[in-house]
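# Observations on the model geometry
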Amino acid sequence: MRFKNILVPALISISIFSQAQTNNEGQLHGNFQIDMQTYKEDSLIGAPKIPEKTLLNSYANLTYSKGNFTAGIRYEAYMNTLSGYDARYNGNGIPYRFLTYKADELEVTAGSFYEQFGNGLILRAYEEKGLGYDNAFDGVRVKYQIYKGVSVKGLVGKQRLFFDKGPGIVRGIDGEINTNELLKFMSESKTQIILGGSFVSKYQADKDPLYKLPENVGAWAARMNITRGNINVNSEYAYKINDPSADNLNIYKPGEALLISASYSKKGFGVLLNAKRIDNMAFRSNRNASLIDLNINYLPILTKSYTYSFLNFYPYATQSNGEMGGGAEIMYKFKKETFLGGKYGTNISINFSRLNSIDKSAPSDTSEIGVSGTLGYQSEFFKPGNELYFQDFNVEINKKFSKRFSGNFIYQNLIYNSPVLRNGYATVYGNAGIADMLYRLNDKNAIHIELGALFTKQDMGNWVMAQAEYSIAPKWFFSLSDQYNYGNEDKDKQLHYYTVAVAYAKGGNRLQLGYGRQRQGIMCVGGVCRSVPASNGFILALSSSF
């Protein structure tokens, strides 16, 4: 609180006396975003009545730097939070503020900060506004380059929980060695090797009346990245001691995670292979937390990320209690002036990913799988479970037909275990297709047409969609779209979800106004998800940066 009382007035004074973004004393930068929506009850799509009628999410960042110092704050206001976001954000305040000193090889940050060790298997703090996700640390972080090619960083802090902090204390240290910079005989080598290791510990007092819980839970990870020519191999293994929690129903089994990826690329051709195994690796600074609260670590996904809504209809959510699988992607460009390449060449990528449960067996002859207060289960490391969680096969073709006309075409076949991934009723088997075409009328005017279809006999049945966009660079943007659930078994729910929007941008400012229906669904970014409720109303978005 004392730090906040000092820093906030200091930044306000800076902003007043600077009068412009830059002066001889330092530099002031910032941005803000306002998202506002009106809500109209719509019983046809299941949009509920919202008492406030209008809801708002907004934030503003200010960063000032001078010499070796950088300071910043972020003000946030949720009045009240947009539908679908956690209502515990309701209110306003300054949850993020920091002061950083950097000189030579040393960097020290006091206050709020984000951080990641390796791939994030045992520590990653980050922010994703679209999810309402923010697990920033509030504490102290030190980074130091000990020697050329050798760096280390450490931190101690508590994690953000809306406008408060979680009860646990997190301590972590990470070191990395670039062997080609450290070792003279490796400096000219064509093989680049980077080694890294991390250790993270959390402390939370044990007040449980039933179980004896570990108050200090440690986790470690080791990683290696090798690059030689066009080949790259990246791997990381992580281990966590027993950590009974709400995620694993208070079992005492240690957690493990393994992530491996390998790639090869050259001009016009690329291959990517990856695999992972996750076993009981939920790691939070509050053992009783749930949903997306107070995650210390991040478990990456291997599935392909899409920007098209119909291909994200059934997104994969990482299963921290256990998943095993892999994926592969091949990318190839047919050369210009060939039969399949045409005048401008043709890009094609084929992607496949599959995630299963992990093998589980009873921990002893006298205990069943997953009983609280026991080891929980045993699992063979390289043996997948029998239950399929997710499978995605897709083909994407990107083609330029002329100087003005280009298109992107995608086919997707998926299997989605809805009971596991979304608490749904049945596994969904679907086929989806997207045709995304862009025609440039001239240097400023362009028409963008997107057509899509999703076919499934489960869930809400078949869908089709169409979207038309017209842009006048660099200022104006107009959009009209409709998603039609024509295949719903319930005739009364064969509905249109239409939206219309217009946007204006100038310099660092952008204003967008829209109106439409939002279907109920789920939104995921990197395997972390939140529910999206149905809604009907106007949407206003205003952003600016300087």
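Because the structure is predicted, anything quoted here is derived from the model rather than measured.

## Digging into the overall build of the chain
Per the secondary structure count, the chain includes three helices and 32 strands. In terms of overall dimensions, the chain is globule-like: its C-alpha atoms have a radius of gyration of 26 Å, near the 24 Å expected for 546 residues. On the principal axes, the C-alpha backbone points of the chain span a range of 70 × 60 × 60 Å. Within the chain, contacts between residues at least 6 apart in sequence are counted, and of these 57% link residues at least 24 apart. Of the accessible surface of the chain, which amounts to about 27700 Å², a share of 58% is contributed by carbon and sulfur atoms.

## A word on the packing of aromatic side chains
This structure, assessed with the given rule, holds 30 aromatic pairs. Considering the side-chain rings of Tyr-515 and Phe-538, the 4.7 Å spacing of their centres and the 50° angle between planes classify their relative orientation as tilted. Separated by 23 residues along the polypeptide, Tyr-515 in strand E29 (residues 509–518) and Phe-538 in strand E32 (residues 535–545) bring together distant segments of the chain. Among the aromatic residues, those joined into a ring-pair cluster are Phe-310, Phe-313, Tyr-314, Tyr-316, Phe-390, Tyr-416, Trp-463 and Tyr-497.

## Points about unusual backbone geometry
The omega torsion of the bond from Ala-473 to Pro-474 falls at 0°, within 30 degrees of zero and hence cis. Despite not being glycine, Phe-162 shows a phi value in the positive range, around 60°. You can see Phe-162 is positioned in the loop between strand E12 (150–161) and strand E13 (164–165). Taking the relative accessible area as the measure of exposure, Phe-162 reaches 9% and is therefore buried.

## Section: the nonpolar core
Residues Phe-310, Leu-311, Tyr-314, Tyr-316, Tyr-416 and Leu-454 are the most contacted members of the largest nonpolar core, which totals 26 residues. Mapped onto this core, the elements with two or more residues apiece are strand E22 (384–400), strand E23 (405–416), strand E24 (428–440) and strand E26 (463–472). Setting aside residues up to four positions removed in sequence, Tyr-416 forms contacts with Tyr-314, Pro-315, Tyr-389, Phe-390, Leu-421, Arg-422, Ala-426, Thr-427 and Val-428. If you look at the next biggest cluster of nonpolar residues, it comprises 22 residues, including Phe-113, Ile-122, Phe-137 and Leu-259.

## Let's talk about the side chain of Asn-295
By the element assignment, Asn-295 lies in the loop between strand E19 (269–279) and strand E20 (323–334). Once residues lying within four places of it in the same chain are set aside, the contact partners of Asn-295 are Arg-124, Tyr-133, Asn-135, Gln-159, Phe-283 and Arg-284.

## Remarks on the pairing of E29
Note: strand E28 (residues 496–506) against E29, eight bridges, orientation antiparallel. By the bridge assignment for E29, Ala-505 is matched with Arg-510. A loop of two residues connects E28 with E29, the two strands running antiparallel in sequence, and Gly-507 in this loop sits at a positive phi of about 60°. Sheet topology note: the E29/E32 ladder contains ten bridges and is antiparallel. Counted as the bridge partner of Gln-518 is Ser-535 from E32.

## Some thoughts on the pairing of strand E5 (residues 91–103)
Two faces make up the sheet, and in a regular strand the side chains alternate between them. Note that strand E4 (residues 69–78) and E5 share nine bridges and pair antiparallel. Paired with Ala-77 across the strands is Asn-92, a residue of E5. Judged from the six bridges that link them, E5 and strand E6 (residues 106–113) form a sheet pairing that is antiparallel. Of the residues in E6, the one forming a bridge with Thr-100 is Thr-109. What sits between the antiparallel neighbours E5 and E6 is a turn of two residues, in which Asp-104 has the positive phi angle 50°.

## Considering the state of the cysteines
Evaluated as defined, the whole model comprises one disulfide. For Cys-524, the disulfide goes to Cys-529, at an S-S distance of 1.9 Å. Judged by the sign of its S-S torsion, about 105°, the bond between Cys-524 and Cys-529 is right-handed.

## Let's talk about the pattern of salt bridges
Any two side chains of opposite charge can pair if their charged atoms end up close together. Enumeration according to the criterion identifies 27 salt bridges in this entry. With its nearest N and O atoms 2.9 Å apart, the salt bridge here joins Asp-42 to Arg-517. Placement of the pair is Asp-42 in the loop between strand E2 (26–38) and strand E3 (54–66) and Arg-517 in strand E29, with a sequence separation of 475 residues. Its relative accessible area of 8% is what places Asp-42 among the buried residues. The closest approach of N and O atoms between Arg-141 and Glu-115, which form a salt bridge, is 3.2 Å. Linking Arg-141 in strand E11 (residues 137–147) with Glu-115 in strand E7 (residues 115–116), this pair joins segments that are 26 residues apart in sequence. Accessibility classification places Arg-141 together with Glu-115 in one group, the buried group. Members of the salt-bridge network, linked through shared partners, are Arg-74, Glu-76, Glu-127, Lys-129, Asp-134 and Arg-160.

## As for the confidence of the model for the chain
Here the chain averages 92 in pLDDT, while 96% of its residues score no lower than 70. Element-level mean pLDDT values for the chain span from 46 in helix H1 (residues 2–18) up to 98 in strand E14 (residues 169–178). Every residue in residues 1–7 is under pLDDT 50, and counting partners more than four places away or in other chains gives 13 contacts. Low confidence marks residues 12–22, where pLDDT is under 50. Its contacts with residues over four positions away, or in another chain, come to eight contacts.

## Topic: a positive patch on the surface
A cluster of basic residues, Lys-266, Lys-267, Lys-333, Lys-335, Lys-336, Lys-343, Lys-400, Lys-403 and Arg-440, forms a positive patch at the surface. For Lys-403, the position within the fold is in the loop between E22 and E23.

## Some thoughts on the environment of Glu-368
Mapped onto the fold, Glu-368 is located in the loop between strand E21 (346–358) and E22. What Glu-368 contacts, discounting residues up to four positions off in sequence, is Pro-363 and Gly-376.

Each value, and the rule that gives it
- Residue indices follow the written sequence of each chain, beginning from 1 at its first position.
- For a predicted model such as this one, the threshold for reporting local features is a pLDDT of at least 70, and the threshold for listing and counting side-chain atom pairs is 80 or more; totals across whole chains, interfaces and linings nevertheless cover every residue.
- Values shown for side chains rest on all heavy atoms present in the structure; no hydrogens or waters enter the calculation.
- Each helix corresponds to a stretch of at least 4 residues labelled H or I by DSSP, and each strand to a stretch of at least 2 residues labelled E; elements are numbered beginning at the N terminus.
- Our radius of gyration is a C-alpha quantity, and the globule rule it is checked against amounts to 2.2 Å times the number of residues to the power 0.38.
- Contact between two residues is taken to exist if any of their heavy atoms lie within 4.5 Å; hydrogens are not considered.
- Every accessible area reported is derived by Shrake-Rupley at a probe size of 1.4 Å, with residue values counting cover from the shown protein chains alone.
- Each Phe, Tyr or Trp ring, with Trp reduced to its six-membered ring, pairs with another whose centre is within 6.5 Å; inter-plane angles below 30 degrees give stacked pairs, above 60 give edge-to-face pairs, and intermediate values give tilted ones.
- Exposure categories follow from relative accessible area, calculated using a 1.4 Å probe and restricted to protein chains: below 20% of the type maximum is buried, above 50% is exposed, and the middle band is partly exposed.
- Definition used in this section: a nonpolar core is a set of buried Ala, Val, Leu, Ile, Met, Phe, Trp, Tyr and Cys residues joined via side-chain atoms within 4.5 Å.
- Note on pairing: two strands pair once DSSP finds at least 2 bridges between them.
- Pairs of cysteine sulfur atoms within 2.5 Å are identified as disulfides in what follows.
- Here, a salt bridge means any side-chain nitrogen of Lys or Arg that lies within 4 Å of a carboxyl oxygen of Asp or Glu.
- The quantity called pLDDT is the predictor's confidence in a given residue, expressed from 0 to 100.
- Only residues whose relative accessible area exceeds 30% and that form no salt bridge are eligible for patches; like-charged ones are grouped when within 9 Å, while nonpolar side chains (Val, Leu, Ile, Met, Phe, Trp, Tyr) are grouped when within 5 Å.
- Lys and Arg are tallied as positive, Asp and Glu as negative. Neither His nor the chain termini are counted.
- Taken as the charge location is NZ of Lys, CZ of Arg, CG of Asp or CD of Glu.

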